[in-house]
Amino acid sequence: MSLTKRIIWAMVSGVAVGVMFNIATTQGWLAATFNTWIDSFIVDGIFDIVGTIFIASLKLLVVPLVFVSLVCGTSSLGDNTRMGPMAGKTLVLYMFTTGVAITLALVVGVLVQPGAGINIEGQASYTGAEAPSLKQVLINIFPSNPIQAMADGNMLQVIVFAILVGVAISRSGEPGRQVASFFNAFNDVIMKMVTLLMQLAPAGVFCLLAKLFAGLGIDAIWKLGKYFFAVVAVLLIHGLGVYSLLLKVLTGLNPLTFLNKVRPVIMFAFSTASSNATIPVTLRTVEKRLGVDNGVASFTVPLGATINMDGTAIMQGVATAFIAQAYNVDIGLSGYLVVIMTATLASIGTAGVPGVGLITLSMVLSQVGLPLEGIAFIIGVDRLLDMVRTAVNVTGDSMVSIVVARGEGAMNEEIFATSAEQLAEREEAEQAPKLQAG
Ligand code: ASP
């Protein structure tokens, strides 16, 4: 069975086992001692250990992979003048798709009225972590200590440093070529590491989902059903419809091929709820399965995982509409325009890790004078929504990578059109002689 199929099986069985445990332990079907055993030995024991190791194995790859791959990418652009237009196009597309996402979310939020008649005034309190100010976000882009940036996993700073190294390499003549060939070899080795660690995915995904669903308050979803399903609906419209349309219009490529091939990225994002932890899989898929040149992908993918969060913006749009309706506050058309602006900025400031979208939501709410306590009401269903919105976030990064690559003439359409199975066979055939020679 292919890895993708094994991961799908792991997802389905992980959810099934988790829900079974959840029902069995909450409905009092089992003896109390057995419940405790399930909770402490299986759920908080085995599932937690394997799930945490799996996420760590992805995260450990992120900084070396982004750094090395981006150095290779930038130095291979050779003529650095291409960097500016490419970066410009990427940023414009990231902002544009986020703007569309949040607008769609607000339209649905106003039409569906998920918070109408809920009346939550004075019922909850929420003290969230403070969202970073825009000024701080801007200053934080530039590293004063690259090693510290890597140790902290500060992606924007790592990106800036890698671009500097890459540009310097391409302008250093012979010594630059020597360093570049080292980085290219190192990049191959790290890509191999990605392939190796991806073998852990079925076990990791199973344990993550089983643990999550075993502890999930499923009734919370029914109570907030309208909000929950409104967010999911907009996420699906955007992830399947808007991206397909944009891909078709901007590149003429087949959206179904794209959606089919981007599946591993969606699955990893869904299971980890982290765009950052998914970077290794996104980068590998975008380059090896979708045919985007490393020169583009090594820049667009980590940048997208850090600043492009369409799914997060969608949740923030529907959540703002929900909270306004639940508090009977009419924020008016100008209020919604402010939401579009701030949610686009908030999504740039949202780190690609689980749950941060909810923290930056406070930035959006306070801009339009809505009470932050409203967040307390949607926390219960946020983890599940986080998984779906992260999947949309990374699908957006992949789609934009293709559009930018196509515009830059850095896209291999033959790879894009070739089936994933054939590509895997080809890769194996390429590896065999290398191993024998070794
Ligand atoms: N978990 C999301 C991501 O990593 C961010 C968020 O919306 O909380 O992309």
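Residues numbered from 1 in each chain as written. Predicted model: local features only at pLDDT ≥ 70, side-chain atom pairs only at ≥ 80, totals over all residues. Heavy atoms only, no water.

**A word on the overall build of the protein**
- Each helix and strand counted, the protein has 21 helices and zero strands in total.
- Computed over C-alpha atoms, the radius of gyration of the protein comes to 22 Å, within 12% of the 22 Å expected from 2.2 N^0.38 for 438 residues, which places it in the range of a compact globule.
- In terms of overall dimensions, the protein has C-alpha extents of about 70 × 55 × 45 Å along its principal axes.
- Classification of the 438 residues of the protein by burial places 53% in the buried group.
- The long-range fraction of contacts in the protein, counting pairs at least 24 apart against all pairs at least 6 apart in sequence, stands at 84%.
- Carbon and sulfur atoms form 66% of the exposed surface of the protein, whose accessible area is close to 19,000 Å².
- One way to put it: in the protein the 23 positive side-chain charges average out to a point 5 Å from where the 26 negative ones average out. (Helix = DSSP H or I, 4+ residues; strand = E, 2+ residues; numbered from the N terminus. Rg over C-alpha atoms; globule rule 2.2 N^0.38 Å. Buried < 20%, exposed > 50% of the residue type's maximum accessible area, 1.4 Å probe, protein only. Contact = heavy atoms within 4.5 Å. Areas by Shrake-Rupley, 256 points an atom, 1.4 Å probe, with all protein chains shown as cover. Lys, Arg positive; Asp, Glu negative; His and termini not counted. Charge placed at Lys NZ, Arg CZ, Asp CG, Glu CD.)

**Some words on unusual backbone geometry**
- Not every positive phi belongs to a glycine, and Ala273 is a case in point at roughly 55 degrees.
- Following the sequence through the fold, Ala273 ends up in the loop between helix 12 (263-272) and helix 13 (275-289).
- Ala273 sits in the buried class, given a relative accessible area of 1%.
- At Asn328, a residue that is not glycine, the phi angle is positive and equals roughly 55 degrees.
- Tracing the chain through its elements places Asn328 in the loop between helix 15 (310-326) and helix 16 (332-349).

**With respect to the site of the ligand**
- Near the ligand there are 17 residues, and of these Ser275, Thr312, Gly357, Asp386 and Arg389 occur at the shortest range.
- In this structure, Asn393 approaches the ligand through a side-chain N or O atom, which is 2.9 Å from an oxygen atom.
- When the free accessible area of the ligand is taken as 270 Å², the share hidden by the protein chains comes to 100%.
- Among the elements of the structure, helix 17 (356-367) and helix 19 (382-407) are those that each provide at least two residues to the shell around the ligand.
- The greatest single-element share of the shell around the ligand, amounting to four residues, is contributed by helix 19.
- The class makeup of the residues in the shell around the ligand is six nonpolar, nine polar and two charged. (Near = heavy atom within 4 Å. Polar contact = N/O pair within 3.5 Å; in protein donor to acceptor, adjacent residues only side chain to side chain. Nonpolar A, V, L, I, M, F, W, Y, C, P; charged D, E, K, R; others polar.)

**What about helix 14 (residues 294-307)?**
- Between its first and last C-alpha atoms helix 14 spans 19 Å; for 14 residues at 1.5 Å apiece the expected length is 20 Å, and the two agree.
- Buried residues dominate helix 14, accounting for 14 of its 14 residues.
- For helix 14, the N-terminal cap is Asp293; the gap from its side-chain oxygen to the backbone nitrogen of Gly295 is 3.1 Å. (Expected span 1.5 Å × (residues − 1).)

**Describing the nonpolar core**
- Counting residues in each nonpolar core, the largest one holds 124 residues, and the members touching the most others are Tyr227, Phe258, Leu361 and Ile402.
- With sequence-adjacent residues up to four places away left out, Phe258 is seen in contact with Leu247, Leu290, Thr395, Ser398, Met399, Ile402 and Phe416.
- Ile42, Val43, Ala210 and Ala214 belong to the second-largest nonpolar core, a separate cluster that totals nine residues. (Core = buried A, V, L, I, M, F, W, Y, C linked by side-chain atoms within 4.5 Å.)

**Some words on the pattern of salt bridges**
- On inspection of all chains with the given rule, the structure shows six salt bridges.
- Arg389 serves as the salt-bridge partner of Asp382, at 3.0 Å between the closest nitrogen and oxygen. For the pair Asp382 and Arg389, a shared accessibility class is recorded, and that class is buried.
- A salt bridge links Glu414 to Arg426; its shortest N-O distance comes to 3.0 Å. Residue Glu414 is found in helix 20 (residues 413-417), and its partner Arg426 is found in helix 21 (residues 420-437); the two are separated by 12 residues along the sequence.
- Among the charged side chains, a salt-bridge network with shared partners connects Asp382, Asp386 and Arg389. (Salt bridge = Lys/Arg side-chain N within 4 Å of Asp/Glu carboxyl O.)

**Observations concerning a nonpolar patch on the surface**
- On the surface, a nonpolar cluster with roughly 390 Å² of combined accessible area is contributed by Phe34, Trp37, Phe41 and Ile46.
- Owing to a relative accessible area of 40%, Trp37 belongs among the partly exposed residues under this scheme. (Patch = residues over 30% accessible without salt bridge, like charges linked within 9 Å, V, L, I, M, F, W, Y side chains within 5 Å.)

**Thoughts on the packing of helix 2 (residues 32-76) against helix 6 (residues 155-170)**
- Interhelical geometry of helix 2 versus helix 6 gives an angle of 35 degrees and a closest axis separation of 7 Å. Note on packing geometry: the crossing formed by helix 2 with helix 6 is right-handed. When helix 2 is examined against helix 6, the residues Val62, Val66, Phe67, Leu70, Val71, Thr74 and Ser75 are found in contact with a partner set consisting of Met155, Val158, Ile159, Phe161, Ala162, Ile163, Val165, Gly166, Val167, Ile169 and Ser170.
- Class assignment of the residues belonging to the contact of helix 2 with helix 6 gives a composition of 14 nonpolar, four polar and no charged. (Axes fitted to C-alpha atoms, helices over the stretch in contact; angles between N-to-C directions. Left-handed = near helix turned anticlockwise from the far one by under 90°.)

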